[in-house]
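# Examining the three-dimensional arrangement
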Amino acid sequence: SSPTESPTTKPSSTPTESPTLEPTSFSTYVYSYQAEDQRLRNVRKRGQHSGYTGTGYVDYGGVGSSVEFKNVEGGSGGACVLNFRYANGSSGPRRCEIIVNGSVVGVVEFPPTKGWNKWLNDYIQTQCDPGSTNVIKVRASTRSGGPNMDAMEVVIGG
């Protein structure tokens, strides 16, 4: 059998209609909370290592030590990101459970930062309740405790 000729398409001199883009409204809100101003359990307020914000940072004890952030803003509720500023001068991660309004929502690893005065961020995405009624607890789950924690930011898109 002989091959059939493929149809060809000639370019058109008439432009195609472009889609109309509708503007959308999207705002991001960031709420900051200093760790040293929160409810502390087996955690000490410190100021020894440089680079922190606020009046200091917190130095976790062993397993179960925690920082509890109360009255945390959740906007209109729904998805939120908890962003933690921390330092970890040890050679291994300093894992912590993240507890939101009484429920464990995950674990943040807090990997080494190559120095106790080298501050980085680690985060977890979760759900927040509407308003400023959220309680966020960061509880150490390693024998060495958690990292040195400077602050927590809550990022909400609206």
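In this report, we go over the structure that sits alongside the text. The shown structure was predicted, so the numbers you read here are calculated from the model rather than taken from an experiment. Within every chain, residues take consecutive numbers counted from 1 along the sequence as written. With the structure being a predicted model, the display of local features is reserved for residues of pLDDT at least 70 and the display and counting of side-chain atom pairs for 80 or more, all residues being used for whole-chain, interface and lining totals. Think of the side-chain values as coming from all heavy atoms in the structure, minus any hydrogens and water.

## What to know about the overall build of the protein
Test applied: Strands are runs of DSSP state E lasting at least 2 residues, helices are runs of H or I lasting at least 4, and numbering of each runs from the N terminus. Only protein chains enter the accessibility calculation, which uses a 1.4 Å probe; a residue whose area is less than 20% of its type maximum is buried, one above 50% is exposed, and one in between is partly exposed. Only heavy atoms matter for contacts: two residues are in contact if any of them lie within 4.5 Å across the pair. Only the protein chains shown count as cover for residues, with accessible areas throughout obtained via the Shrake-Rupley method and a probe of 1.4 Å.
For the protein, the helix and strand inventory stands at zero helices and 11 strands. Traced from its N-terminal end to its C-terminal end, the protein shows the element sequence β-β-β-β-β-β-β-β-β-β-β. In the protein, buried positions account for 37% of the 158 residues. Sequence-distant contacts in the protein: of pairs separated by 6 or more residues, those separated by 24 or more amount to 77%. Carbon together with sulfur atoms contributes 47% to the accessible area of the protein, which is approximately 9600 Å² in total.

## As for the pairing of strand S8 (residues 103–108)
Stated formally: Being paired, for any two strands, means DSSP has found at least two bridges between them.
Examined bridge by bridge, strand S7 (residues 96–100) and S8 share five bridges and lie antiparallel to one another. Considered in S8, the bridge of Ile99 is made with Val104. Between the antiparallel neighbours S7 and S8 lie two residues, among them Asn101 with a positive phi of about 50°.

## Describing the environment of Lys45
To keep things clear, this is the line we draw: Within 3.5 Å is the distance limit for a polar contact, defined as a pair of N or O atoms, with the added protein rule that one can donate a hydrogen and the other accept it, and that residues adjacent in sequence qualify only through two side-chain atoms.
Structurally, Lys45 can be placed in strand S3 (residues 43–46). Distance in space between the C-alpha atoms of Lys45 and Asn148 is 9.6 Å, their sequence separation being 103 residues. Within the local environment of Lys45, its side chain forms a polar contact with the backbone oxygen of Glu36, the two atoms lying 3.3 Å apart.

## Here's the deal with unusual backbone geometry
Phi is positive for Asn42, which is not a glycine, with a value near 55°. Note on placement: Asn42 falls in the loop between strand S2 (39–41) and S3. Classification of Asn42 as exposed rests on a relative accessible area of 56%.

## Notes on the sheet that holds strand S10 (residues 134–140)
Rules: To get an axis, fit a line to the C-alpha atoms, keeping to the stretch in contact for a helix; angles then go from 0 to 180 degrees between the N-to-C directions.
The strand order S2-S5-S10-S7-S8 describes an open sheet built from five strands, whose pairing is antiparallel. Looking at the sheet topology across the chains shown, the edges are occupied by S2 and S8. Across this sheet, the average inter-strand angle for adjacent strands is 20°, counted without regard to direction. The sheet contact formed by strand S5 (residues 66–72) and S10 spans five bridges and is antiparallel. Paired with Phe69 across the strands is Ile136, a residue of S10.

## Considerations on the pattern of salt bridges
Keep this limit in mind: Any carboxyl oxygen of Asp or Glu that lies within 4 Å of a side-chain nitrogen of Lys or Arg is treated as forming a salt bridge with it.
By the definition in use, this model includes eight salt bridges. Note that Glu68 is salt-bridged to Arg39, the shortest N-O span being 3.3 Å. Of this pair, Glu68 sits in strand S5 while Arg39 is found in strand S2, placing the two residues 29 residues apart along the sequence. By relative accessible area, which is 54% here, Arg39 ends up exposed. Note that Asp59 and Arg44 form a salt bridge whose closest N and O atoms lie 3.6 Å from each other. Here Asp59, found in strand S4 (residues 57–60), pairs with Arg44, found in strand S3; they are 15 residues apart in sequence, far enough to count as distant. On the basis of relative accessibility, which here comes to 47%, the residue Arg44 falls in the partly exposed class. A single network of salt bridges, built from pairs that share partners, joins Arg39, Glu68, Lys70 and Lys137.

## So, the state of the cysteines
Short version of the rule: For the purposes of this analysis, a disulfide is any pair of cysteine sulfur atoms at a distance within 2.5 Å.
Per the counting criterion, the structure on display carries one disulfide. The disulfide that involves Cys80 links it to Cys128, with 2.2 Å between the sulfurs. Since a negative S-S torsion denotes a left-handed disulfide, the Cys80-Cys128 link at about 75° is right-handed. On the criterion of sequence distance, the pair formed by Cys80 in strand S6 (residues 78–88) and Cys128 in strand S9 (residues 115–128) is long-range, its members being 48 residues apart. In terms of burial, Cys80 and Cys128 fall into one category: buried.

Keep in mind these values describe shape, not function.
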